[in-house]
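# Per-entry structural report
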Amino acid sequence: MKFFYILLGLLWSSLSRAQTITVTDAETGAPVTAATLTSERPAARTQTNEAGQASLAAFQDASAIVIQAPGYQTTTISYETLAQQAFGVRLKLTGMVLEEIVVSANRTDERQSRVLPKIQVLRGSEIQQMNQSSTADVLSQSGNVLVQKSQQGGGSPIIRGFEANKVLIVVDGIRMNNAIYRGGHLQNVITLDNAVMERAELVFGPGSVVYGSDALGGVMHFYTRNPVLATGDSVVVHAQAYTRYQSAASGYAAHGQVSVGGRRLGSLTAVTVSDIGDLRQGRVRTAAYPDFGLRPWYVDRIAGRDSMVQNPDPDVQVGSGYAQADFLQKVVFRQSDRITHLLNLQYSTSTDIPRYDRLTLSSGGNPRFAEWYYGPQERLLLAYSLSLRGLSWYDQARIVAGYQQVAESRHTRRFRATERFSQMEQLDILTLNIDLDKMAGKHHLRYGAEYWWNEVNSTAQSLHIITEATGPADTRYPDGGAIMQAGALYLTHTVDPRPDITLHEGIRFTRTGLDARFADTTFFPFPFDAIVQRHTALNGTLGLIVRPGTGWRVSLGAASGFRAPNVDDLAKVFESVPGNLIVPNPDIRPEYTYNGEISLSKVLHDRVTLSATGYYTRYVNALTTQPATLNGQDSVVFDGQLSRVSSVTNAGRAYIWGAEGQVSANLGEKLAVSGTVVYTYGRIRTDTTAYPLDHIPPLFGRVRVHYAHRNVQAAFFVQYSGWKRVKDYNLIGEDNYSYATPDGMPAWYTLNARCTWQFLPYLSLQVACENILDRNYRVFASNISAPGRNVIVTLRYQR
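Residues numbered from 1 in each chain as written. Predicted model: local features only at pLDDT ≥ 70, side-chain atom pairs only at ≥ 80, totals over all residues. Heavy atoms only, no water.

### Here's the deal with the overall build of the protein
The helix and strand tally for the protein stands at seven helices and 56 strands. Rg of the C-alpha trace for the protein: 27 Å, near the compact-globule value of 28 Å for 799 residues, within the 12% margin. Considered along the principal axes of its C-alpha atoms, the protein spans approximately 85 × 60 × 50 Å. The buried share of the protein, taken over its 799 residues, is 58%. (Helix = DSSP H or I, 4+ residues; strand = E, 2+ residues; numbered from the N terminus. Rg over C-alpha atoms; globule rule 2.2 N^0.38 Å. Buried < 20%, exposed > 50% of the residue type's maximum accessible area, 1.4 Å probe, protein only.)

### A look at the confidence of the model for the protein
The predicted coordinates ought not to be read in detail in places where the model reports low pLDDT. Looking at the protein, the pLDDT average stands at 89 and 94% of residues meet or exceed 70. Of the regions scoring below 50 in pLDDT, residues 1-18 engages in seven contacts with residues more than four places distant in sequence or in other chains. (pLDDT = per-residue confidence, 0-100. Contact = heavy atoms within 4.5 Å.)

### Details of the packing of aromatic side chains
Under the criterion given, the structure shown has 14 aromatic pairs. With 5.2 Å between their ring centres and 65° between their planes, F162 and Y619 make a pair best called edge-to-face. Residue F162 is found in strand β13 (residues 162-163), and its partner Y619 is found in strand β43 (residues 608-620); the two are separated by 457 residues along the sequence. With centroids separated by 5.6 Å and ring planes inclined at 55°, the aromatic side chains of W657 and Y679 adopt a geometry described as tilted. Of this pair, W657 sits in strand β47 (residues 653-666) while Y679 sits in strand β48 (residues 671-684), and the two are 22 residues apart along the sequence. (Phe/Tyr/Trp six-rings, centres within 6.5 Å; stacked < 30°, edge-to-face > 60°.)

### Focus: the sheet that holds strand β3 (residues 44-47)
Spatially, the four strands line up as an open sheet ordered β3-β2-β5-β6, and their pairing is antiparallel. With one partner strand each, in any of the chains shown, β3 and β6 (75-77) form the two edges of the open sheet. In this sheet, adjacent strand axes meet at a mean angle of 20° when their direction is disregarded. Strand direction decides the pairing type here: strand β5 (residues 65-68) and β6, joined by three bridges, are antiparallel. Bridging from a neighbouring strand, I65 pairs with I77 of β6. (Pairing = 2+ DSSP bridges. Axes fitted to C-alpha atoms, helices over the stretch in contact; angles between N-to-C directions.)

### Points about empty space enclosed by the protein
Regions of empty space are outlined by a rolling probe, equal in size to a water molecule, passed over the atoms. The calculated volume of the second largest cavity comes to roughly 670 Å³. Residue lining of the second largest cavity: 37 residues in total, with D137, S140, K149, Y777 and P787 positioned closest to the centre. Where the lining of the second largest cavity is concerned, the elements lending two or more residues are α4 (135-140), β11 (146-148), β18 (236-246), β50 (700-709), β51 (712-721), β54 (748-760) and β56 (790-798). Here the residues of the lining of the second largest cavity sort into 16 nonpolar, 17 polar and four charged. (1 Å grid on protein atoms, 1.4 Å probe; cavity = no way out; pocket = protein on both sides within 12 Å on 5 of 7 lines; lining within 4 Å. Points joined across faces, edges and corners; volume = space filled by probe spheres on them. Nonpolar A, V, L, I, M, F, W, Y, C, P; charged D, E, K, R; others polar.)

### Focus: the pattern of salt bridges
One pass over the full model with this rule turns up 32 salt bridges. D774 is the partner of R280 in a salt bridge, and the nearest nitrogen-oxygen pair spans 3.5 Å. Residue R280 is located in strand β21 (residues 279-280), and its partner D774 is located in the loop between β55 (763-770) and β56; the two are separated by 494 residues in the primary sequence. Here R280 and D774 have matching classes, each one buried. Taking the shortest distance from any N to any O, the salt bridge between R283 and D315 comes out at 3.1 Å. (Salt bridge = Lys/Arg side-chain N within 4 Å of Asp/Glu carboxyl O.)

### Points about a nonpolar patch on the surface
Among the surface-exposed residues, L445, L491, I507, F509 and L538 lie close enough to one another that they form a single nonpolar patch of about 430 Å² accessible area. Assignment of secondary structure puts L538 in strand β38 (residues 530-546). (Patch = residues over 30% accessible without salt bridge, like charges linked within 9 Å, V, L, I, M, F, W, Y side chains within 5 Å. Areas by Shrake-Rupley, 256 points an atom, 1.4 Å probe, with all protein chains shown as cover.)

### Looking at the sheet that holds β13
Reading across the sheet, the three strands line up as β11-β12-β13 and stay open at both edges, with antiparallel pairing between neighbours. The sheet terminates laterally at β11 and β13, the two strands that pair on one side only. Where β11 meets strand β12 (residues 156-159), three bridges bridge the pair, whose relative direction is antiparallel. When the sheet's bridge partners are listed, Q148 is paired in β12 with S156.

### Side note on the environment of T680
Topologically, T680 is positioned in strand β48. Through-space distance from the C-alpha of T680 to that of P698 is 6.8 Å; in sequence the pair is 18 residues apart. Excluding residues within four positions of it along the chain, T680 makes contact with R160, G161, Y615, I656, W657, G658, I696 and P697.

### Section: unusual backbone geometry
Residues apart from glycine generally show negative phi values, whereas peptide bonds are mostly found in trans. Its identity as a non-glycine residue notwithstanding, D61 has a phi of 70°, on the positive side. Positionally, D61 belongs in the loop between β4 (53-55) and β5. In this structure D61 comes out as exposed when scored by relative accessible area, which is 70%. Phi angles above zero are rare outside glycine, and R416 is one such case at about 65°. Considering the arrangement of structural elements, one finds R416 in the loop between β32 (394-414) and β33 (419-440).

### Things to note about the pairing of strand β20 (residues 265-276)
Of the two faces of β20, only one is covered, namely that formed by G266, L268, A270, T272, S274 and I276; the face formed by L265, S267, T269, V271, V273 and D275 stays uncovered. Both strand β19 (residues 251-261) and β20 contribute to a ladder of ten bridges, which runs antiparallel. Considered in β20, the bridge of H255 is made with T272. Joining the antiparallel neighbours β19 and β20 is a turn of three residues.

### Focus: the side chain of S320
Relative to the helices and strands, S320 resides in the loop between β24 (316-317) and β25 (322-334). Judged by relative accessible area, which is 2%, S320 ranks as buried. Residues in contact with S320, not counting those within four places in the same chain, are Q152, G277, D278, L279, Y356 and I784.

### Re the environment of I465
Summarising the element assignment, I465 is placed in the loop between β34 (443-464) and β35 (470-471). Setting aside residues up to four positions removed in sequence, I465 forms contacts with R301, R413, A417, T418 and R420.

### Points about the nonpolar core
In terms of nonpolar packing, the biggest core is built from 52 residues, with L139, I169, V189, L192, M220 and F222 touching the most fellow members. If one sorts the elements of this core by residue count, strand β16 (residues 197-204) sits on top with four residues. Among the nonpolar cores identified, the runner-up in size contains 37 residues, and Y477, A482, I531 and L570 belong to it. (Core = buried A, V, L, I, M, F, W, Y, C linked by side-chain atoms within 4.5 Å.)

### Examining the pairing of β25
With twelve bridges joining them, β20 and β25 adopt antiparallel strand pairing. Pairing of S274 across the sheet is with Q324, part of β25. Bridge analysis of β25 against strand β26 (residues 339-350) gives eleven bridges, and the strand direction is antiparallel. Bridge pairing in β26 places F327 opposite Y347.

### A short note on the state of the cysteines
Counted according to the given criterion, the structure contains zero disulfides. In this structure C755 is not part of a disulfide, and its nearest cysteine sulfur, from C769, lies 13 Å away. Look at C755 and you get partly exposed, because its relative accessible area is 31%. (Disulfide = S-S within 2.5 Å.)

Below, the structure written as structure tokens:
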């Protein structure tokens, strides 16, 4: 009887495989969604679902089934051969990616060739193949984004010279930027779990017409996976899991997700946990900087006393480890072909995250801090999405309502001090987006409305670590609370007056308001007890795309950007660098950018894509940190140290210009190469001479070679960065010159390799070695050294 069941199972598996095929990415084995299968005899057409699966029932006896997907090479195969493929169909990437469907630029589906701004798409398969521990690390390997780090548990993306609260982060249609996103360096992007990403779309340049405030440098829109619904009557179940080890931080991670779906109702559950140890930096240094980045000591509390302990391995950055857990739950209900409901729950939390750079500071031969850490970084998102199709005044509509709760805290204690000071922030955030589009002949209209509301509550206390007695302390933000809100309407129009020409126009009206109250001025007697601001902004975009010949694309665009000052800009008290205290400034005004750019691309023989973009951004009322006074004094005592007073202020005028280039090519069936280069230049205009604008990265990029053969994919890539010389640093801003060398931040490059072996239909092994030469380096503005030689091993299950 047992033999009979085994035989029956094998027969059922064979029949199932003959009726269903899975289309996957040849590089990673990840499913390819919305791949199209067509045949002429019999006449049939279908698409793969989110699991990359499609039914073959309509293709029986077809001699030629054509399989196509944006960004992949077209494959033609017979039904008989296809039905016998144990590993399914594995599609290879192509150099031609201009027809990929993207959403971020307009909030609704659009072909990339018709989108005005530059967009980079990181598919889920590519993210999976990168095999990184955080979303910040994924962005750092994109080749177009530089990522700053002040601690291992962080990462602050820089796009076109804009960083932190000047780059908008969006997840599943909901903005993450909140009222306390600071102008310095952020770590919030690591609360997005890259293991559940369906794709990420990076929009370069102002995105304020569609997204409103904060989208000065660009928009990073992350899309998490959705449950997979069945196409037939039976329930479909898909599962993924992996376990990972990385040597540079002795780090471990595990992930699991399960999707269960019927024809109308589906559920997706995902969990990721990681435990990252102290990071080991590269051992190979240049002769000019033999001690750069070394960690010769750290603080330990021994027998009730803080002690300065010698580090047995100064290349190990003691005080940089942390752990994190992420949870995702989605439920989708397809009420009809025209109505779909989606519930989206995301939760991310961490252990305490040490602020590594502050733990390396010394004063008078002793450590400055015994403790400096962020408390658990918690992000809760609960969202409801309603998708509608086909009424007279819209073709598609999407309504997204969301609630977010964010908790942050900072904890510091001076060396051998007995009091720990803690500042806690709690945010409650409501958002509502309504996005619609309508085709009227050649005219494509997209329009919508947005409202968001932030409430900030800031508290603080001191704690005697021996007696556990508590006392008052100064809050980071107004202790009377703060509320920031905005409402907006937008409209964009796209038309093709000729098949080779596309015109774009867009306009947005935004109204913002901020109210902050200082209830207790004991610690800082400001000459005001409240900050109230109201601002109105009108933004526009105008562009032209011309396709003058086969494979050619030329685009010209102009757009304005807008960012209203938030609670962090207006009302924080913070020591940005030792000896420099930032105090509130109630008089700052919104920032504006006016951007013009030109892009050219050419596809050669459907194998090679060349592209280049040049842009110039006029930056008005740029918010930068400048010397100031508090009650007539330019210096005050803060945390036991005489500190210079600074505040965030409008610098007047600034400008940024830059150039970006990219090449990708398929050199035969098995080999592909690609490369990027990014250059940015920014200055603040003054009466005498132009002064460096902060957040401007040096020249950087990536070169990559990829090889695929049967069930093995391998890649070799070089990441590089040029010098950031002292003369190009902003010494009073956020460039962190004190953590560089006396000459600035040296140029660097790394050699890296990775390989994926699909040894069973549902099991693959990924092995990578990053920074093969074990070079010691730091990314510009970073206060922690990058990983040394790092071996990453991942066992992945996917079905």
